[in-house]
Amino acid sequence: MQFMLLFSRQGKLRLQKWYVPLSDKEKKKITRELVQTVLARKPKMCSFLEWRDLKVVYKRYASLYFCCAVENQDNELITLEIIHRYVELLDKYFGSVCELDIIFNFEKAYFILDEFLLGGEAQETSKKNVLKAIEQADLLQENVDFQTRLFAV
Amino acid sequence: MSVDGPSYFLASLRRRMPAPIRLRELIRTIRTARTQAEEREMIQKECAAIRSSFREEDNTYRCRNVAKLLYMHMLGYPAHFGQLECLKLIASQKFTDKRIGYLGAMLLLDERQDVHLLMTNCIKNDLNHSTQYVQGLALCTLGCMGSSEMCRDLAGEVEKLLKTSNSYLRKKAALCAVHVIRKVPELMEMFLPATKNLLSEKNHGVLHTSVVLLTEMCERSPDMLAHFRKLVPQLVRILKNLIMSGYSPEHDVSGISDPFLQVRILRLLRILGKSDDDSSEAMNDILAQVATNTETSKNVGNAILYETVLTIMDIKSESGLRVLAINILGRFLLNNDKNIRYVALTSLLKTVQTDHNAVQRHRSTIVDCLKDLDVSIKRRAMELSFALVNGNNVRGMMKELLYFLDSCDPEFKADCASGVFLAAEKYAPSKRWHIDTVMRVLTTAGSYVRDDSVPNLIQLITNSVEMHAYTVQRLYKALLDDISQQPLVQVASWCIGEYGDLLLSGQCEEEEPIQVTEDEVLDVLEGLLASNLSTPVTRGYSLTAIMKLSTRFSSVNRIKKVVSVYGSSIDVELQQRAVEYNALFKKYDHMRPALLERMPIMEKTATNGPSEIVQTNGEAEPSAVEAKHPPPVAQPANQANDLLDLLGGNDVVPVIQTSMPTKPASAGGELLDLLGDLSLSGPAPAPSVPSSQPPFLLDGLSSQPLFNDIAPAGIPPMIAYNKNGLKIDFTFERANPNPNVAVITIHATNSTESEMTEFVFQAAVPKTFQLQLLSPSSNVVPALNQGSVTQVIRVLNPQKQQLRMRIKLTYTHKGSPVQDLSEVNNFPPQSWQ
């Protein structure tokens, strides 16, 4: 995977994870173009599109679009499963996740993603293990900050 | 920093500013902004506060501030002033700090900035941290955005962690290694030992990432590939366990056990089995098993099937397995899920070359997909349909594809039209069908047809001799309907110009011949000239067509009038053509019939699809010439015809026009000999033309050398021919700016008592040269050396070969015709070096 973008129906970016080195300017350009392209798609269209020299796999969950750019040799159908797994993880963590959760807790969304994917590939295929790791890390954060709770983010 | 008890209160008292607002607070506030301007204001205010806080080196709130900065960055605001702060957070001992710090590094830093290198040491320390979650953060960051320098520095640490027994770290280290290898491929070797027992792991996370690592290594190095082939049995075993094992809650997805791992294993097997019989053999069974046993009701099952099919098609599988794979794809095509259909079409496109017959079986389903609503599916279906057209199904397929062409989106039309032309060319069952198909495309998608189709179509029409009357009639009728589609109009004009006589005579056999008068036809053509819809190129075609009709129709006066009117056209191209045609009427009327004769059959070059630059005289035609000309100029070398150039109309003022060493022969006789052993390509069976001197471009009536800025290179003149009183001298100049061009002016003088009339000078050069003959000053050589006929020859000699020339002279002397052939070999070296 080269990058993953989450954005709302209005085109507002909620999360961006880049696995390839690009300048800020390029990232903004790509984001703008891709968001436009995906938002222009009709509901009956398939979840894949060819964009530049990449394959883009996207799926809409409620008000959020999850959009991944993968390479030509990647399996689009399993990418859909990856997206779905990420949504499930978010759902388990936040308890019936909605867009607001991701807006207000974006750093947590990133932490979860980073526990699931690394360098664009899945590092853990067990839902349970990903959630356990996040839980432990959260605890670690709490314990160390126990006495400085006031300074929590 | 100690944060309990009294020191905390002291610190808080000492604090000059109020505590920075919390992240969630900020988010809430910003979301209340009703306009972009309001939001920007809030952001700017907060940024200012954060900047001050950073300046104060406040450790306590750094984390919070950076988090807020990251939020604002996501909204699109600049956050580069937070980069160093991220580094400080990473260096902190607090886990929260590190977490946010590494996140910030991944979002704000990139390898183009030197700042990122400062991270290297922190990461190194954290890779060796006592807490695995800290190590995890470091591995994640390195594996996500580590630059080549960082990777080089830290590869050793990653390699160490790849050997740890801690599966949490091991899986991360594997993917981190993948990133390192991608950035610094030379480091791949050092990870080899650690891969030894990766696949013996029970932990799925480690297995999955290990397979990814092995895949990366095999893809990059044939040696690695050979080395890892021995893992095939082990991989097969793991895959088998996944399929056969019972329900495993931890890895289950809709009844399938760890589909992610299955897919990755299948992909690795594909790479290992490719071009290797033994490995392919070893995986045949498991592939068959997966293909038949996988549940297909949900996407996840189909994802595995998809990968299986790809693997079967790529390795050396037995034919039964391949048929199984194609059938799976065929079933996919019928699936309700669009995504599955899309994926099937893509895969079929890849396999259609190798397993053509198997794919043919699904042809009707594929053709149905042309009607799908989804653009990507339509495109795939179109490409696949074209790939499936063959001699047997061409009529049926074309019908579907033409229907598709009618109704498809503009973005498809060009490709579809080209595809139809190609397929028609290859498989047309009859000439009539071919022409009909071409006509259909031109009339329905005429404006989307590629420019180079026009010459191809004209060639096709020319060569379908028996269909000329039918073709021109249909094209004429099409023009009456619609003159907006330029390629159609161009082809039609050309045809009318060529075959206008057939149109009049009503000779059409294929359908009811139409009744049309000369005036009506000329009306149509003149209408094209005048219309706003016509492009300059089209106008050129029309004018030329009108001119050609002067030898086919009787309304010569009308044509003369049109031509002279356009002699003062603002369009330079038209003006030039008109002027030349005018000249043709006035001064060279005797040549007109021959020049405007019917085109000969053109031999096909080996073109497939868009015509390539064609070889003429062993040299490529300048592409500028091709772009504007009707096919004749872009046609096979054998044609080299003056006629072609004239009829094409030339705007090649600065460009050297290919000239004709193979002059059109009268009954193929003399010129063949003329050119015979100058090793030229065989001349074409061209219709006869007595004289071969086109009144060329520029002001064809001038006998002046073309370029007046020629610096005389001091090349001595020579006598080329001297016989029976006729003497021909050659004088030389070098044309600037092209040093490969020699400009020769011939001076023909007559020392006899009677003049030589109808004097024609012809010349031919060997293949590696190009020759251009401009028009002579006159065709009467006065007697007793009282004057001379001059003519300019331009010779292009890019290979700097020795110049040789054969010349042929014809004239009438004292009432009898005289003809002579001669060779000119005594060119001074400076003329061609």
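Residues numbered from 1 in each chain as written. Chains lettered and ligands numbered in written order. Predicted model: local features only at pLDDT ≥ 70, side-chain atom pairs only at ≥ 80, totals over all residues. Heavy atoms only, no water.

## A few points about the overall build of chain A
A count of helical and extended segments in chain A gives 5 helices and 7 strands. Secondary structure elements of chain A occur, N-terminal to C-terminal, as β-β-α-β-β-β-α-α-α-β-β-α. A total of 153 residues make up chain A; the buried ones form 63% of that total. Residue pairs at least 24 apart in sequence account for 47% of intrachain contacts in chain A once pairs closer than 6 positions are excluded. (Helix = DSSP H or I, 4+ residues; strand = E, 2+ residues; numbered from the N terminus. Buried < 20%, exposed > 50% of the residue type's maximum accessible area, 1.4 Å probe, protein only. Contact = heavy atoms within 4.5 Å.)

## Let's talk about the sheet that holds strand S4 (residues 54-61) of chain A
All names here are of chain A. Within the open sheet, the 5 strands sit side by side as S2-S1-S5-S4-S3. Their pairing is antiparallel. If you trace the sheet from one side to the other, it starts and ends with strand S2 (13-18) and strand S3 (48-51), each paired once. On average, adjacent strands in this sheet sit at an angle of 20° to one another, irrespective of strand direction. Bridging between S3 and S4 involves 4 bridges; their strand directions are antiparallel. Each residue of the ladder has a partner; that of Phe48, found in S4, is Val57. (Pairing = 2+ DSSP bridges. Axes fitted to C-alpha atoms, helices over the stretch in contact; angles between N-to-C directions.)

## A closer look at the pattern of salt bridges
For the structure on display, the rule yields 55 salt bridges over all chains. The closest approach of N and O atoms between A:Glu99 and A:Arg14, which form a salt bridge, is 2.9 Å. One end of the pair, A:Glu99, is in helix H3 (residues 99-104); the other, A:Arg14, is in strand S2, and 85 residues separate them in sequence. Among the ionic pairs, B:Arg577 bridges to B:Glu573, the shortest N-O distance being 2.5 Å. One end of the pair is B:Arg577 and the other is B:Glu573, both in helix H31 (residues 572-586) and 4 residues apart, which spans about a single turn. (Salt bridge = Lys/Arg side-chain N within 4 Å of Asp/Glu carboxyl O.)

## Details of the sheet that holds strand S11 (residues 805-813) of chain B
Two modes of strand pairing occur in sheets, parallel and antiparallel, and in both the strands are linked by backbone hydrogen bonds. Residue and element names in this part refer to chain B. Spatially, 3 strands are ordered S8-S11-S12 in an open sheet, and the strand pairing comes out antiparallel. At either end of the open sheet lies a strand with only one pairing partner, and these are strand S8 (756-764) and strand S12 (816-824). Pairwise comparison of adjacent strand axes, ignoring direction, gives a mean angle of 15° for this sheet. Note that S11 and S12 share 9 bridges and pair antiparallel. Directly across from Thr812, in S12, lies its bridge partner Pro817.

## Topic: the interface of chain A and chain B
Note on interface size: it is often stated as the accessible area lost on association of the parts. Contacts between the two partners involve 69 residues from chain A and, on the opposite side, 75 residues from chain B. Each partner contributes to the roughly 6,700 Å² buried at the junction of chain A and chain B, and carbon and sulfur atoms together form 57% of this total. Counting the contacts that link chain A with chain B gives 10 salt bridges. Linking A:Lys128 and B:Glu250 is a salt bridge whose minimum nitrogen-to-oxygen distance equals 3.9 Å. Secondary-structure elements contributing two or more residues to the side of chain A that touches chain B are S2, helix H1 (24-39), S3, helix H2 (76-94), H3, helix H4 (106-116), strand S7 (121-122) and helix H5 (127-144) of chain A. For the side of chain A that touches chain B, the element with the most residues is H5(A), which contributes 11 residues. (Buried area = accessible area lost by both parts, 1.4 Å probe.)

## Considering the pairing of strand S5 (residues 64-70) of chain A
Residues and elements named next belong to chain A. Burial of S5 is extensive: 7 of the 7 residues sit out of reach of the surface. Here S5 shows a buried face lined by Leu64, Phe66, Cys68 and Val70 and a second buried face lined by Tyr65, Cys67 and Ala69. Pairing geometry for strand S1 (residues 3-8) and S5, over 6 bridges, is antiparallel. The residue bridging Leu5 from the neighbouring strand is Cys67, located in S5. Where S4 lies against S5, 7 bridges are found, and the strand directions are antiparallel. Paired with Lys55 across the bridge in S5 is Val70. Linking two consecutive strands that pair antiparallel, namely S4 and S5, is a turn of 2 residues; a positive phi of about 55° is found at Ala62 within it.

## Observations regarding the confidence of the model for chain B
Residue and element names in this part refer to chain B. Of all residues in chain B, 84% have pLDDT values of 70 or greater, and the mean over the chain is 81. For the stretch residues 606-713, pLDDT sits under 50, and the model shows 257 contacts to residues farther than four places along the chain or on other chains. Interface scoring of the predicted complex returns ipTM 0.94; its pTM is 0.69. (pLDDT = per-residue confidence, 0-100.)

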